[in-house]
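# Observations on the three-dimensional arrangement
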Amino acid sequence: DQIMGGGGEQAKESGYLDVYFVDVKNGDVIGQSIDVLSGSSASCEWSIEQEGTYQWMVAITDGEYWTYSDTYSFTYTEPNTAPDTPHSPYPSDGQTGLPNTIDLKAYCYDADGDDLSVGFHVIGLGHIGSYTVVGGNDFAMFTHSFAPGTYEWYVISSDGIASTQSPVWTFHVS
């Protein structure tokens, strides 16, 4: 439906108004509240299906005269989904007998398809390196040399808005 606002409407009972919420882009009625007591509030829901900037206005009538609000706007963006917990590490948790130079790997996934910045951390050594998973769906890898010993490590996957940490895994270098 569209608001025409001509004339010839039947005057409403004193103090009651009809309120129309209008999409400015196409003139369609988003929602309406009929017989609203003057001075009361009116509202409607607008189902938004895609990101973008939306403009709306309010048209009010007492059945005889029309009044129009200014145009209002808002921008809708899809909410961000945090990356999944990184998993499938290499070396696998508890693996022993590894050489000094290791390609640390963990599978990282982001449901939004955002690029992921993945930080590699070794307890006692701190942050040792980073890797970018383009498209948010692949293994992150960082090569590092270790002295013989047992190490605990984890990765943090970030889409720039939210971060997710993996469990702590261990491995042993011979």
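Preceding this section is the structure that the text describes.
Here's a quick rundown of the structure. Residue positions are counted from 1 within each chain, in the order its sequence is given. Residue-level local features of this predicted model are given only where pLDDT is at least 70; pairs of side-chain atoms are given and counted only at 80 or more, and the full residue set underlies all totals for whole chains, interfaces and linings. Excluded from the side-chain calculation are hydrogens and water; included are all heavy atoms of the structure.

In DSSP terms, a helix is any run of H or I states spanning at least four residues, a strand is any run of E spanning at least two, and both are numbered starting from the N terminus. Along the backbone of the chain there are zero helices and 14 strands. Each helix and strand of the chain, ordered N terminal to C terminal, gives the series β-β-β-β-β-β-β-β-β-β-β-β-β-β. With the radius of gyration taken over C-alpha atoms, the globule rule is written as 2.2 Å times the number of residues to the power 0.38. For a compact globule of 174 residues, the expected C-alpha radius of gyration is about 16 Å, and the chain comes in at 29 Å, more than 25% above that figure. In terms of overall dimensions, the chain has a C-alpha envelope of 90 × 25 × 20 Å along the principal axes. Considering the chain as a whole, with its 174 residues, one finds that 31% of them fall into the buried category. Whether two residues are in contact is decided by their heavy atoms, any of which lying within 4.5 Å being enough. In the chain, the share of contacts with a sequence separation of at least 24, taken over all contacts with a separation of at least 6, comes to 53%. Just so you have it, the chain exposes about 10,200 Å², and 47% of that area is on carbon and sulfur atoms. Accessibility here uses a 1.4 Å probe with only protein chains present; expressed as a share of the type maximum, an area under 20% marks a residue as buried, one over 50% as exposed, and anything in between as partly exposed. Using the Shrake-Rupley algorithm and a 1.4 Å probe, accessible areas are obtained, with residue cover drawn only from the displayed protein chains.

Let us now look at the packing of aromatic side chains. Within 6.5 Å between ring centres, the rings of Phe, Tyr and Trp (the latter by its six-membered ring) count as paired, and their orientation is classed by plane angle as stacked under 30 degrees, edge-to-face over 60, tilted in between. Summed over the entire model, instances satisfying the criterion amount to 14 aromatic pairs. Consider the rings of Trp 56 and Tyr 72, whose centres lie 5.0 Å apart with planes at 35°: the pair is tilted. With Trp 56 in strand β3 (residues 52-61) and Tyr 72 in strand β5 (residues 72-76), this residue pair connects regions lying 16 residues apart in the sequence. Residue classification places Tyr 72 among the partly exposed positions, given a relative accessible area of 38%. Plain terms: the ring middles of Phe 146 and Tyr 151 are 4.8 Å apart, the flat faces sit at 55° to each other, and that makes the pair tilted. As far as the burial class goes, Phe 146 and Tyr 151 line up, both buried. A connected cluster of aromatic rings, assembled from ring pairs, spans Phe 120, Phe 142, Trp 153 and Trp 169.

Attention now moves to the layout of surface pockets. A cavity here means a set of 1 Å grid points, computed over protein atoms only, where a 1.4 Å probe fits but cannot escape. A pocket is an open set with protein on both sides within 12 Å along at least 5 of 7 lines, and lining residues have an atom within 4 Å of a point. Grid points are joined across faces, edges and corners, and a volume is the space filled by probe spheres set on the points. Looking at the largest pocket, its volume works out to about 190 Å³. For the largest pocket, the full set of lining residues is Asp 23, Lys 25, Trp 46, Ser 47, Ile 48, Gln 50, Glu 51, Gly 52, Thr 53, Tyr 54 and Gln 55. If you tally residues by element for the lining of the largest pocket, the top one is β3, at four residues. Asp, Glu, Lys and Arg are counted as charged, while Ala, Val, Leu, Ile, Met, Phe, Trp, Tyr, Cys and Pro are counted as nonpolar; the rest, among them Gly, fall into the polar class. Of the residues belonging to the lining of the largest pocket, the class tally is three nonpolar, five polar and three charged.

It is worth spelling out the sheet that holds strand β8 (residues 101-109) at this point. We treat two strands as partners when DSSP finds at least two bridges between them. The strand order across the open sheet built from three strands is β6-β8-β11, with neighbouring strands paired in antiparallel fashion. Single-partner strands in this sheet number two, and they are β6 (87-90) and β11 (137-145). Strand after strand, the sheet turns through a mean of 15° between neighbouring axes, direction not considered. The angle between two axes is taken between their N-to-C directions and runs from 0 to 180 degrees, where each axis is a line fitted to C-alpha atoms and a helix contributes only its stretch in contact.

Bear in mind that shape data such as this cannot, by itself, settle questions of function.
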